[in-house]
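# Residue-level structural notes
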Amino acid sequence: MSAVPARALSAVVDVDARHAPNGHPTGNSNGHSPNPVLDPVYALPFPKAALPVLRDSQLRKNVAHAIDVIQAKRARLVEEKSDWQALRAAGARIKDEALEHLDTYLVQFDERCTAAGGHVHWAADAGEARRIILEILREEKAEEVIKIKSMTATEIQLNPFLESAGIRTYETDLAEIILQLGEGEPSHIVVPALHVNRSQVREIFARRMGIENLSDDPRALTAAARSYLRQKFLKVPAAIGGANFLIAETGAVAVVESEGNGRMCLTLPSTLITLAGIEKILPRYNDLEVMLQILARSATGERMNPYTSLWTGVQPGDGPQKFHVILLDNGRSPILGRRTERQTLRCIRCAACMNTCPVYRQTGGHAYGSVYPGPIGAILTPQLMQMKHAQSLPFASSLCGACYEVCPVKINIPEVLIDLRAQVTDLERKGLARFFDPMYLGMRAAKLAFSSAGLFHAAQKIARVGMRFFTGKDGWIHSLPGMGAKWTQTRDLRGLPKQPFHAWWTDRPDRTDRNDQNDRQKRAAR
Amino acid sequence: MRVSLFITCYNDTLFPETGRAVVTLLERLGVTLDFEARQTCCGQMHANTGFRSEAFALARRFVEIYRDVEAVVIPSSSCVAMVRDQYAGLFAELGDERLRRDFAALLPRVYELSEFLIDRLGVDDVGAYFPHKVTYHASCHGLRALALGDRPARLLGKVRGLELTPLPNLDRCCGFGGTFSVKNGEVSSAMLAVKLQDVVGTGAEFCTALDNSCLMHLGGALHRQYAGMRTIHMAEILASTQEEVVR
């Protein structure tokens, strides 16, 4: 993983100079920086963060190959479903209903989970969630904990926090093991090590597990991971995982996974901690009928995921005897109050949007500087940050609409992106950018020019004269200064033609033959 | 029938030949064209870059100008998508009931060029002649927002002499995205590089589309790379006849 951009970027961020807002841990005792690149507070703006990735041909090849494979599988399985559009609509309706009455359903979940022997905790932010988890582990005197892949745990930067508190964390999902042992960062929410290829995995496993002559055959690699994991499953007394769904009606929790590591974590340890965002609620048990169908097909291109675990509280003598659920807000509830943005919380984390996104295909996940990359990350992250950070993310999209087309819960991501862009601009209107930012000034000037045809035509004339200076003998512009240089770095621009269309229309000799003379005079008088 | 042409700001400024081709084509098909002299811009660039209050004014302007016309034809799929997908939301936010009503009445009369030809005029053979190998780029807005479907292929399929060669990964964005191409210039260029491999790989002489913004992006790179391939708006292909080659 010598060329993983996380490394390159963490070198850019001055780790020592950072301070901790919102209770984010900034470092641990051994001086390692905790996921600096995926913390929106410190991440570089997207256009800058993307540069090292764009120059890393191996990484781009890994990402493109991986998502092309997943996408093709998804497309095949969606194609065979004649009621796919009805399923999407049903998925959106179920999530909308849950969000509409989230207060009621969360309380209902709390009551029913508690009645079944679970302990439910409410965490307003990441810091509170981390403290609750640490207290539970301290009470259990746990010095080690095994983990099921959970992006929510990465969102609250749980691992570095626990490590700094002296608790060892062991990831059990294959991709997460690769990242933990290779000291990498997740670049995808379903396939976190998507940017790492087989030979890079071989190198990490051989080095960190001390295996000589390890081949890069997938079977050999999974066998190595299996023997590494088996010891952890059998001896570690506590597990932490996320949730795909929380069922308000019964107080049950659902986790879907492909490797069986989740099933092991959910059944073998004596203490189980589930960390879930408040938007994971489903009203009824029967809602799983729709959600499980759309999630598996969208996420991994499977009709059904290999392991679906559902449990309700605690069963005496069977599985973990202590079960905690932490309901995490961490910036979610303010999103509920916004009409256009609320649909963001429908997300079931399938990652179909990033798999289809032409931007993600080039940059991979790290450039987004957030545990949630791709189109969903571009709308979710700045909102979780209450628009104080990650302001470049809503602009990290060409608005091509591929994400909306595949989203199984019909989140109109382009619509939300545009709305968030307007929020960023409204912040600029109050700041210094309005005096010097060329994009801001250009857009304001363009608005003025478009406010009347006369001004527009005058602006065209000025532009034509101004551009003449940059136009070559071949009639094309090869190099522009300032913002225009971002265009001419890879493309030419044809020089402005002498006669705009409207001037041709007015001048054309045969106009009166075909158009009513009165009509023309009427318009000219306006 | 009588139709008003909304040429769009960037076609007016940068691609007048597209406008001239639309005029040639529609008049050949017996349509009487009007051109509202007050027209400027639909507001797409402002709306998509986050300048919503600026977009409000331009959207309002569009509706006021075209309120009473029989039909509006726009030879740019992204501008049609702006009108169709974003205006209603903008007007709802403004809370102007009259504007909302006027817009709702106008909306069914706003056509993208290929929609107008096939849905309104009911023709797919426009009598065109264009003896070249051509590939069609489906522009994201034409493909997804407008769902143009097989309309472009039907029109091109009836052009005499034209050899249509399919573009692989038709649903993949060229990386233009308006101000995205400047704000995220390097990422946009990376997307463009991937798209160009497919475009150049077709071996076509021309790459056509129903949106000059994608074509400006692709064409700018083809020119930079001496690729020996040109971009052309589909209106120009459809306007071209054996007697009168438009380009």
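Residues numbered from 1 in each chain as written. Chains lettered and ligands numbered in written order. Predicted model: local features only at pLDDT ≥ 70, side-chain atom pairs only at ≥ 80, totals over all residues.

## Notes on the overall build of chain B
Applied cut-off: What counts as a helix is a DSSP run of H or I of at least four residues, what counts as a strand is a run of E of at least two, and both are numbered from the N terminus. For the radius of gyration, the atom set is restricted to C-alpha positions; the globular benchmark scales as 2.2 Å times the number of residues to the power 0.38. Any residue whose C-beta has 12 or fewer other C-beta atoms within 10 Å is treated as exposed, any with 20 or more as buried, and any in between as partly exposed, C-beta atoms being built from the backbone. Contact between two residues is assigned when their C-beta atoms, built from the backbone, lie within 7 Å.
A tally of helices and strands in chain B yields 13 helices and 8 strands. What you see for chain B is a C-alpha radius of gyration of 18 Å, in line with the 18 Å of a compact globule of 247 residues. Its C-alpha atoms give chain B principal-axis dimensions of roughly 50 × 45 × 30 Å. Counting every position in chain B, which comprises 247 residues, the buried fraction comes to 57%. A separation threshold of at least 6 residues defines the contact pool for chain B, and within that pool the share at least 24 residues apart is 77%.

## Some thoughts on the overall build of chain A
The helix and strand tally for chain A stands at 26 helices and 12 strands. For chain A, with 526 residues in total, the buried portion stands at 46%. The long-range share in chain A, meaning contacts at least 24 apart out of those at least 6 apart in sequence, stands at 73%.

## Here's the deal with the pairing of strand β8 (residues 230–233) of chain B
Residue and element names in this part refer to chain B. As a reminder, the rule being used: DSSP calls a pair of strands paired once it identifies at least 2 bridges connecting them. A clockwise path from the first strand over the helix to the second, with the strands pointing away from the viewer, defines a right-handed crossover.
The pairing of strand β7 (residues 206–209) with β8 spans 4 bridges and is classified as parallel. Counterpart to C207 in the pairing with β8 is T231. Between the parallel elements β7 and β8, the chain passes through helix α12 (residues 212–224) in a crossover that is right-handed.

## Overview of the confidence of the model for chain A
Residue and element names in this part refer to chain A. Filter applied, for reference: The pLDDT score gives, residue by residue, the confidence of the prediction method on a 0 to 100 scale.
Looking at chain A as a whole, the pLDDT averages 90, with 90% of positions reaching at least 70. Every residue in residues 1–36 scores below 50 in pLDDT, and together they form 64 contacts with partners more than four places removed in sequence or on other chains. Under a pLDDT of 50 for its full length, residues 520–526 has, in the predicted model, 4 contacts with residues more than four places off or in other chains.

## A short note on helix α10 (residues 198–209) of chain A
Residue and element names in this part refer to chain A. Heads up, the condition is: Helices are assigned an expected span. That span is 1.5 Å times one less than the residue count.
Between its terminal C-alpha atoms α10 stretches 16 Å, which fits the 16 Å expected from 12 residues at 1.5 Å a residue. On its buried face, α10 is in contact with α9 (174–182) and α11 (218–235). G210 lies just past α10 and shows a positive phi near 65°.

## What about the interface of chain A and chain B?
The following threshold applies: Gly counts as polar in this scheme, as do all residues outside two lists: the nonpolar Ala, Val, Leu, Ile, Met, Phe, Trp, Tyr, Cys and Pro, and the charged Asp, Glu, Lys and Arg.
Taken together, the contact between chain A and chain B spans 53 residues of the former and 55 residues of the latter. A class-by-class count of the residues in the side of chain A that touches chain B yields 31 nonpolar, 12 polar and 10 charged.

## Focus on helix α17 (residues 374–384) of chain A
Residues and elements named next belong to chain A. Counting buried positions along α17 yields 11 of 11 residues, so the element is predominantly enclosed. Buried-residue contacts for α17 involve α14 (333–336), α15 (352–356), α16 (358–363), α18 (402–406) and α19 (413–430). Looking one or two residues past α17, Q386 carries a phi angle of roughly 50°, positive in sign.

## Some remarks on the nonpolar core
The condition is simple: Each nonpolar core comprises buried Ala, Val, Leu, Ile, Met, Phe, Trp, Tyr and Cys residues, the members being joined through C-beta atoms within 7 Å.
Formed by 223 residues in total, the largest nonpolar core has its most connected members in A:L246, A:L282, A:C353 and A:I413. At 8 residues, helix α5 (residues 77–94) of chain B tops the list of elements feeding residues into this core. Look past the residues within four positions of A:C353 in its chain and what remains in contact with it is A:G374, A:P375, A:I376, A:C403, A:V406, A:C407 and A:I413.

## A look at the sheet that holds strand β5 (residues 133–136) of chain B
Residue and element names in this part refer to chain B. Within the open sheet, the 4 strands sit side by side as β6-β5-β7-β8. Their pairing is parallel. The sheet is open, and its two edges are formed by β6 (163–164) and β8, each paired on a single side. Here 2 bridges tie β5 to β6, and the two strands are oriented parallel to one another. Among the inter-strand pairings, V134 is bridged to a residue of β6, identified as L164.

## Let's talk about the packing of α17(A) against α19(A)
All names here are of chain A. Inclusion rule: The convention used is that axes are lines fitted to C-alpha atoms, helices contributing only their stretch in contact, and that angles between N-to-C directions extend from 0 to 180 degrees. Should an angle fall under 35 degrees it is called roughly parallel, over 145 degrees roughly antiparallel, and 65 to 115 degrees roughly perpendicular, with every other angle called oblique. Take the far helix as the reference: if the near one is turned anticlockwise from it by less than a right angle, the crossing is left-handed, and if turned clockwise, right-handed.
Contact pair α17 / α19: the axes reach a minimum separation of 10 Å and the direction vectors enclose 40°. In terms of axis orientation, α17 runs oblique to α19. Once α17 is placed against α19, the crossing between them reads as left-handed. Every residue of α19 that contacts α17 at P375, I376, A378, I379 and P382 is listed here: I413, V416, L417 and L420. Tallied by class, residues from the contact of α17 with α19 come to 9 nonpolar, no polar and no charged.

## Some details on the environment of A:V69
Inspection of the secondary structure assignment puts A:V69 in helix α3 (residues 57–79). Among the residues examined, A:V69 registers 13 C-beta atoms within 10 Å and is labelled partly exposed.

## Some details on the packing of α10(A) against α11(A)
Residue and element names in this part refer to chain A. In the contact formed by α10 and α11, the axes pass within 11 Å of each other and the chain directions differ by 35°. Helix-helix and strand crossings are classified by hand; for α10 and α11 the assignment is left-handed. On the side of α10, the interface is formed by R198, V201, R202, F205 and M209, while α11 contributes P218, L221, A224 and Y228. Among the residues forming the contact of α10 with α11, the class breakdown is 7 nonpolar, no polar and 2 charged.

## Topic: the sheet that holds strand β9 (residues 307–312) of chain A
Residues and elements named next belong to chain A. With mixed pairing, the 4 strands of this open sheet are ordered in space as β8-β5-β6-β9. Since the sheet does not close on itself, it has two edges, and those belong to β8 (281–282) and β9, each with one partner. Bridge count between strand β5 (residues 245–247) and strand β6 (residues 252–257): 3 bridges; the pairing is antiparallel. Bridge assignment links I247 to a residue of β6, and that residue is A252.

## Description of unusual backbone geometry
Residues and elements named next belong to chain A. Positive phi, normally seen in glycine, also occurs at E183, with a value near 50°. Despite not being glycine, M387 has its phi angle at roughly 65°, a positive value. Looking at the secondary structure, you find M387 in the loop between α17 and α18. For M387, a count of 16 C-beta atoms within 10 Å puts it in the partly exposed group.

## Quick notes on the pairing of β6(A)
Residue and element names in this part refer to chain A. For β6, the tally of buried residues reaches 6 of 6 residues, placing the bulk of the element in the interior. Of the two faces of β6, the one carrying A252, A254 and V256 and the one carrying V253, V255 and E257 are both buried. Linkage of β5 to β6, two consecutive antiparallel strands, is achieved through a turn of 4 residues, within which G251 is found at a positive phi near 80°. Relative to β9, β6 runs antiparallel, the two sharing 6 bridges. Bridge pairing in β9 places E257 opposite Y307.

## So, the environment of A:L51
Residue and element names in this part refer to chain A. Within the secondary structure, L51 sits in helix α2 (residues 46–54). By the C-beta count within 10 Å, which is 17 here, L51 ends up partly exposed. Expressed as a C-alpha distance, the spacing of L51 and A225, which sit 174 residues apart in the sequence, is 33 Å.

## Observations concerning the confidence of the model for chain B
The predicted model of chain B averages 97 in pLDDT, with 99% of residues at 70 or higher. The ipTM assigned to the predicted complex is 0.97, against a pTM of 0.92.

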